[in-house]
Number of protein chains: 2
Amino acid sequence: MIQFWFDFASTYSYPAAMRVEEAALRYECALRWRPFLLGAIFKEQGWNDSPFNIYPVKGRYMWRDLERLCAGLRLTFRKASQFPRNGLLAARIACVSEKNEWLPEFVRKVFAANFAQDLDIAEPNVLLDCLNGLADDPPAVLAAASGYQAKSRLHRNTKRAIELGIFGAPTFVVGDELFWGNDRLEAALEWSRAGRSAS
Amino acid sequence: MIQFWFDFASTYSYPAAMRVEEAALRYECALRWRPFLLGAIFKEQGWNDSPFNIYPVKGRYMWRDLERLCAGLRLTFRKASQFPRNGLLAARIACVSEKNEWLPEFVRKVFAANFAQDLDIAEPNVLLDCLNGLADDPPAVLAAASGYQAKSRLHRNTKRAIELGIFGAPTFVVGDELFWGNDRLEAALEWSRAGRSAS
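Residues numbered from 1 in each chain as written. Chains lettered and ligands numbered in written order. Predicted model: local features only at pLDDT ≥ 70, side-chain atom pairs only at ≥ 80, totals over all residues. Heavy atoms only, no water.

Colleague: It is not clear to me how the packing of aromatic side chains should be interpreted in this structure. Could you clarify?
Modeller: How two aromatic rings sit relative to each other is set out by the distance from centre to centre and by the angle between their planes. For the structure on display, the rule yields 41 aromatic pairs over all chains. Joined through ring pairs, the aromatic side chains of F4(A), F6(A), F8(A), Y14(A), W33(A), W102(A), F106(A), F111(A), F115(A) and F172(A) make up one cluster. It is R68(B) that lies over the ring of F179(A); its NZ or CZ is 3.8 Å from the centre. Its guanidinium or amino end placed over the ring of W191(A), R68(B) lies 5.9 Å from that ring's centre, counting from NZ or CZ. (Phe/Tyr/Trp six-rings, centres within 6.5 Å; stacked < 30°, edge-to-face > 60°. Lys NZ or Arg CZ within 6 Å of the ring centre and 35° of its normal.)

Here you go:
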C-alpha cells in the first residue's frame, strides 16, 4: 500500500495528485489519499510562509521547474496569482469524503482549480463547483466540512504526518519509508513492489 | 552541453558525481565539471550550517534517502561522522585541475573519501591520496591549490553559481535551464537532447 500525503496549497503536489492514481494502478498498488496541512509543519520549523516565498531564488526555480514538469506531463499549468492559497476548507472536505469513491476526482479538480485555472480554492463557491457532478449533495458536503469531525480528522492527519517525519509535500509513504517529492513517486512504487516480491 | 555544479560537502552531489560522466556519455552530451561553494550561498540565505542540520527532520530523511539511493546504484555508502565537511581545499584543487583529463576521477575519489570511507576531505593527506596515481606531481597540485589562481577561480565559480540562480547542489545547467538535485540528471540530459533535435 502507498500513502499519498498532500496539501492543496503545495505546488509539486499538483502533478503528483494528477498522476498518482494511474501510477499506483500500473504497479497494482493500493492507494490511500492523506490530506494534511503543511503550513502547520512549516510553523514548527519557524516559517510563517512557504519557503518558496521566503527564499525567492528557490521560488523562481520552483515555478519554472513546475512549468517544465507540467509541459512534460501535458498538464495545463498557469502560475498561481496568489501563493500559497489557503487549502484548509478543501482539506476538510477531503477528510470527510475519505470513503467516497469520487474523492480522487475531487482532489484533482481542486488542484486543477488552483494550478491550472488560477482560482481561489479558499472560496466555498470554487469548492462547490469542484463537488458538482461528484457528490449527491454538494452543499451538505460543504456544511460537513465545517463540522467537528472534519476538523478533528484533519488535525489528526497533520499530527500523524509530523509523527511520520513528513516535512514537505507531496510525500509518499510505503511501510516505514518516506519518499519526498513528485519525482520520487516511481521510487516509492518500486519500493512497494520490491517489498511484495520479498514477502 | 551539460554543466554539473557540485560541492564536495553536499550529500546528493555524491551519487550525482559518480554517475554524471557515464550518463552524459550515454546521451552523447558534453560535460563540464563546475565546483563551487554552496556554503557561501547558504550564508546569503542566512544559514550558517547545512539546512540538513538546521532542520533535523529533513536531515534524518536525507540520510535514509541517500542510503537507499546508493544501495539502488550499488554505491558504497557510510554515513559521514562529520557533516558537512570542509570541501574548500578539494574544490580549489578541482579548480586548478579543470584542464586535466583526470579531473573526473579525482572528483569521484574525493566524494568516495567523504561518503564511502568517512574520511575528512579537509585533510591535505586525504587529498594527496586522492591525487596519487592521477596527477604527475600531487604535492605540486596541492601547493597550486593554495595559490591565487585557485582561490580566484573558485570565487568566480561561486559568484557565477549565484548569478545563475543556483541555490543547492548538485545542479545541472543546460543552456538557461537549471535542474536541481541528483534525481533530475536525466531530465537535464533529456532537455539537452530535445534542444539538439529542435535545432
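Once you've had a look at it, read on.
Colleague: Which parts of the structure should I look at to understand the pairing of strand β4 (residues 177-180) of chain A?
Modeller: The two faces of the sheet receive side chains in turn, since in a regular strand these alternate between them. With 4 bridges connecting them, strand β3 (residues 171-174) of chain A and β4(A) associate as antiparallel partners. Looking across to β4(A), one finds that F172(A) is bridged to F179(A). (Pairing = 2+ DSSP bridges. Helix = DSSP H or I, 4+ residues; strand = E, 2+ residues; numbered from the N terminus.)

Colleague: I keep staring at the sheet that holds β3(A) and nothing clicks. Help me out?
Modeller: Residues and elements named next belong to chain A. The 4 strands are arranged β2-β1-β3-β4 in an open sheet whose pairing can be described as mixed. Where the open sheet ends on each side, the last strands, each with one partner, are β2 (31-35) and β4. Along the sheet, successive strands turn relative to each other by an average axial angle of 25°, direction set aside. In this fold helix α10 (residues 185-198) packs onto β1 (2-6), β3 and β4, with an angle of close to 5° to the strand it touches most, β3. (Axes fitted to C-alpha atoms, helices over the stretch in contact; angles between N-to-C directions. Contact = heavy atoms within 4.5 Å.)

Colleague: Would you take a moment to explain the interface of chain A and chain B for this structure?
Modeller: Interfaces are often sized by the accessible area lost when the parts come together. With 19 residues of chain A at the contact, the number on the chain B side is 19 residues. Across the chain A/chain B interface, buried area totals approximately 2,000 Å², and carbon plus sulfur atoms make up 56% of it. When the buried area of chain A at its contact with chain B is split by residue, Y55(A), Y61(A) and R68(A) rank highest and sum to 28% of it. One can count 8 salt bridges joining chain A with chain B. (Buried area = accessible area lost by both parts, 1.4 Å probe. Salt bridge = Lys/Arg side-chain N within 4 Å of Asp/Glu carboxyl O.)

Colleague: Any chance you could explain the side chain of D65(A) here in plain terms?
Modeller: Position of D65(A) relative to the elements: it lies in helix α4 (residues 56-72). A residue is classified by how much of its surface remains accessible, and D65(A), at 1% relative accessible area, is buried. Setting aside its immediate chain neighbours within four residues, D65(A) contacts Y12(A) and R184(B). (Buried < 20%, exposed > 50% of the residue type's maximum accessible area, 1.4 Å probe, protein only.)

Colleague: For this particular structure, what's the right way to read the packing of helix α5 (residues 88-96) of chain B against helix α7 (residues 124-131) of chain B?
Modeller: A pair of packed helices is characterised by two quantities: the angle between their axes and the separation of those axes. Residue and element names in this part refer to chain B. Across the interface, α5 lies against α7 with an axial gap of 10 Å and an inter-helix angle of 35°. α7 is crossed by α5, and the crossing has right-handed handedness. Facing α5, whose interface residues are L89, A90 and I93, α7 presents P124, L127 and L131. When grouped by side-chain class, the residues that make up the contact of α5 with α7 number 6 nonpolar, no polar and no charged. (Left-handed = near helix turned anticlockwise from the far one by under 90°. Nonpolar A, V, L, I, M, F, W, Y, C, P; charged D, E, K, R; others polar.)

Colleague: How should the pairing of strand β1 (residues 2-6) of chain B be read in this particular structure?
Modeller: Residues and elements named next belong to chain B. Of all 5 residues in β1, 5 are buried, a share of seventy percent or more. Across the two faces of β1 the burial is the same, with I2, F4 and F6 and Q3 and W5 all buried. With 5 bridges connecting them, β1 and strand β2 (residues 31-35) associate as parallel partners. What sits directly across from I2, in β2, is L31. Between the parallel pair β1 and β2, the chain is carried across by helix α1 (residues 13-26), and the sense of this crossover is right-handed. The pairing of β1 with strand β3 (residues 171-174) spans 3 bridges and is antiparallel. By the bridge assignment, F4 is partnered in β3 with F172. (Right-handed = clockwise from strand over helix to strand, strands pointing away.)

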